[in-house]
Amino acid sequence: MSFLDKKTRKYIKEYRWSNVFAMIRNNRKDPEKCGLDSKGKLVVITGATSGIGYVTARNYAQRGADLLCINRSMEKSEALKNEIEKEFHVRCYYLLADLSSLEQTHRAADQLLDLNRNIDVLIHNAGVYLTKKELTSDGIEKVFMVHYLSSFIINYKLKNMLKAQGKARIIYVNSEGHRFAAWGLRLDDLNWEKRRYSGLKSYGSAKLAQLLTMLIFDDYFKGSGVTINAMHPGAVKTDTGQENGILYKWFKRNILDKSLRPVEISAEALYYLGVSPEVENISGKFFNLTTLEEPTPPALDREVAEQLWEISLKMGKLK
Ligand SMILES: NC(=O)c1ccc[n+]([C@@H]2O[C@H](COP(=O)([O-])OP(=O)(O)OC[C@H]3O[C@@H](n4cnc5c(N)ncnc54)[C@H](OP(=O)(O)O)[C@@H]3O)[C@@H](O)[C@H]2O)c1
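Within any chain, residue numbers begin from 1 and follow the written order of that chain's sequence. Only residues with pLDDT of at least 70 are given local features in this predicted model, and only at 80 or more are side-chain atom pairs given and counted; all residues enter the totals for whole chains, interfaces and linings.

## Quick notes on the overall build of the chain
The condition is simple: Helix and strand assignments come from DSSP, with helices taken as H or I runs of at least 4 residues and strands as E runs of at least 2, each series counted from the N terminus. Buried residues are those with 20 or more other C-beta atoms within 10 Å of their own C-beta, exposed residues have 12 or fewer, and partly exposed residues lie in between; C-beta atoms are placed from the backbone. By the criterion used throughout, residues are in contact when their C-beta atoms, derived from the backbone, lie within 7 Å.
Secondary structure summary: the chain contains ten helices and eight strands in total. Over its C-alpha atoms, taken along the principal directions, the chain stretches across nearly 60 × 45 × 40 Å. Here the chain holds 319 residues, and the buried ones make up 44% of them. For the chain, long-range pairs separated by at least 24 residues make up 78% of all intrachain contacts whose partners lie at least 6 apart in sequence.

## What about the packing of helix α3 (residues 51-62) against helix α4 (residues 74-88)?
Put simply, the rule reads: Structural elements are reduced to axes, namely lines fitted to C-alpha atoms, with helices fitted over the stretch in contact, and the angle between N-to-C directions of any two is expressed from 0 to 180 degrees. Comment on the angle field: the value is read as roughly parallel under 35 degrees, roughly antiparallel over 145, roughly perpendicular from 65 to 115, and oblique elsewhere. In this scheme the crossing of two helices becomes right-handed for a clockwise turn of the near helix relative to the far one and left-handed for an anticlockwise turn of less than a right angle. In this count, Pro and Cys sit with the nonpolar residues alongside Ala, Val, Leu, Ile, Met, Phe, Trp and Tyr, while Asp, Glu, Lys and Arg are called charged and the others, Gly among them, polar.
α4 packs onto α3 with a crossing angle of 25° between their chain directions and a minimal axis gap of 10 Å. Accordingly, the angle class assigned to the pair α3 and α4 is roughly parallel. Between α3 and α4 lies a crossing of right-handed hand. Across from Ala57, Arg58, Ala61 and Gln62 in α3, the residues of α4 making contact are Leu80, Ile84 and Phe88. Class assignment for the residues of the contact of α3 with α4 results in five nonpolar, one polar and one charged.

## Digging into the site of the ligand
Filter applied, for reference: In this analysis, residues qualify as near a molecule or strand once their C-beta atom, positioned from backbone atoms, comes within 6 Å of it.
The environment of the ligand is formed by 28 residues, the closest being Gly47, Thr49, Gly51, Gly127 and Thr238. At three residues, the largest contribution of residues to the shell around the ligand is made by α3.

## So, the sheet that holds strand β4 (residues 121-124)
This is how the line gets drawn: In this analysis, strands are considered paired if DSSP registers two or more bridges between them.
The strand order across the open sheet built from eight strands is β3-β2-β1-β4-β5-β6-β7-β8, with neighbouring strands paired in mixed fashion. Strands at the two margins of the open sheet, each flanked by one partner only, are β3 (92-96) and β8 (291-293). For this sheet, the mean angle separating the axes of adjacent strands, direction not counted, is 25°. Bridge count between strand β7 (residues 286-288) and β8: three bridges; the pairing is antiparallel. Residue pairing for β8: Phe287 is matched across the bridge by Leu292. Relative to strand β1 (residues 42-46), α3 is tilted by about 170°, and along the sheet it contacts β1, β2 (66-71), β3, β4 and β5 (168-173). Here helix α9 (residues 264-275) sits on the sheet in contact with β1, β4, β5, β6 (226-232) and β7, set at roughly 150° to β5.

## A few points about the packing of helix α7 (residues 199-221) against helix α10 (residues 302-315)
Each pair of packed helices can be described by the angle between their axes along with the distance between the axes. Look at α7 against α10: their axes get within 8 Å of each other, and the N-to-C directions meet at 95°. By the criterion of interaxial angle, the relationship of α7 to α10 is roughly perpendicular. Here Ala209, Leu212, Thr213, Leu215 and Ile216 of α7 lie close against α10, whose contacting residues are Arg302, Val304, Ala305, Glu306, Leu308, Trp309 and Ser312. Within the contact of α7 with α10, the residues separate by chemical class into eight nonpolar, two polar and two charged.

## Considerations on the environment of Glu32
Residue position: Glu32 is located in the loop between α2 (17-27) and β1. A residue is classified by how many C-beta atoms lie within 10 Å of it, and Glu32, with 17 of them, is partly exposed. For the pair Glu32 and Ser77, spaced 45 residues apart in sequence, the C-alpha to C-alpha distance is 29 Å. Among residues more than four places away in sequence, those in contact with Glu32 are Tyr272 and Thr290.

## Looking at unusual backbone geometry
Phi angles above zero are rare outside glycine, and His89 is one such case at about 55°. Topologically, His89 is positioned in the loop between α4 and β3. Its 9 C-beta neighbours within 10 Å are what place His89 among the exposed residues. Residues other than glycine seldom take positive phi values, yet Trp192 does so here, at roughly 55°. Here Trp192 is to be found in the loop between β5 and α7. Taking the C-beta count within 10 Å as the criterion, Trp192 has 18 such neighbours and is therefore assigned partly exposed.

## Examining the environment of Gly316
Tracing the sequence through the fold places Gly316 in the segment after α10. Among the residues examined, Gly316 registers 22 C-beta atoms within 10 Å and is labelled buried. Along the primary structure Gly316 and Ile140 are separated by 176 residues, whereas in three dimensions their C-alpha atoms are 10.0 Å apart. For Gly316, the contacting residues outside a window of four places in its chain are Leu102, Leu149, Phe152 and Ile153.

Now the structure itself:
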């Protein structure tokens with residue numbers, strides 16, 4: 001029996017209907033709210049120029065946090081900085097990085113290492129949804145790079161510094177979409193050369209990859225005061241998917257958007273997970289908004305997580 005068949009059989013045995021029902025129930029819930037302010041904190045957010053990242057940046061700033069946004073657009077970053085500093089009287093710094101580039105991701109991580117200030121909350125939010133396969137200039141499938149590998153590189157390079165700080169919260173804006181990679185991560189085909197590419201499956205794989213190496217980062221941070229968690233931000237209305245063709249955009253605007261919730265719930269949840277004392281000691285977990293939830297069996301597979309860790313070190317040019 002091949003490794004893949006063995007894994008599929010293992011996952012089938014581990015799947016529980018009760019987890020699916022829990023997800024359906026949790027999808028209807030509102031997030032917990034945190035009434036504390038964030039004065040004096042520094043919050044790093046990737047992809048703060050639109051959607052969930054933008055509303056989350058405003059929410060933290062409104063409650064007193066300074067921001068450091070990692071964005072790819074200079075024009076949008078300047079507009080964001082001006083808007084936030086004028087409205088909330090906090091600092092809104094930014095770094096420019098296209099997170100589909102290995103070199104630019106490394107540069108952003110190095111700039112974070114050079115900060116003379118502790119990072120209180122690090123939110124990996126940037127993402128893309130592509131219906132057609134694209135390769136980055138480094139030859140890596142783009143969805144995997146932007147969602148997963150870039151956040152892996154940043155965490156890996158920052159991990160000693162964050163541990164030395166003694167306190168920090170890392171949050172992945174993950175997704176219930178990790179369930180689309182129902183039979184696990186294909187470590188032998190991360191670039192989709194052997195299989196037919198699909199937007200849902202590539203998205204699911206990238207989010208699943210985040211959940212897997214989160215387990216290893218969590219081991220590393222145990223007892224240090226640093227936590228790392230992932231969350232589903234709700235199915236909310238944003239401009240995601242604008243890179244795709246007119247058919248997808250029509251479907252999104254006329255069908256999908258009608259069932260989506262307001263993006264403010266994602267920002268509220270990301271604030272709670274970043275600040276509330278209730279989650280101070282929770283790490284290595286998956287939340288649906290602010291409700292703890294069990295991810296799929298493939299997301300809890302430590303054997304695959306360890307293999308992915310090694311592959312990510314090589315792919316991310318960290319070795
Ligand atoms: N919306 C939902 O219902 C939903 C559900 C589950 C999970 N999520 C997750 O939530 C996160 C945010 O999604 P969203 O819905 O808010 O989408 P969005 O409105 O399209 O925002 C995506 C953000 O990521 C940035 N970004 C994209 N590619 C980048 C790159 N190569 N380098 C640097 N930044 C890049 C975008 O920058 P530009 O402004 O320059 O385009 C934008 O700021 C994603 O990780 C997504 O998977 C969303």
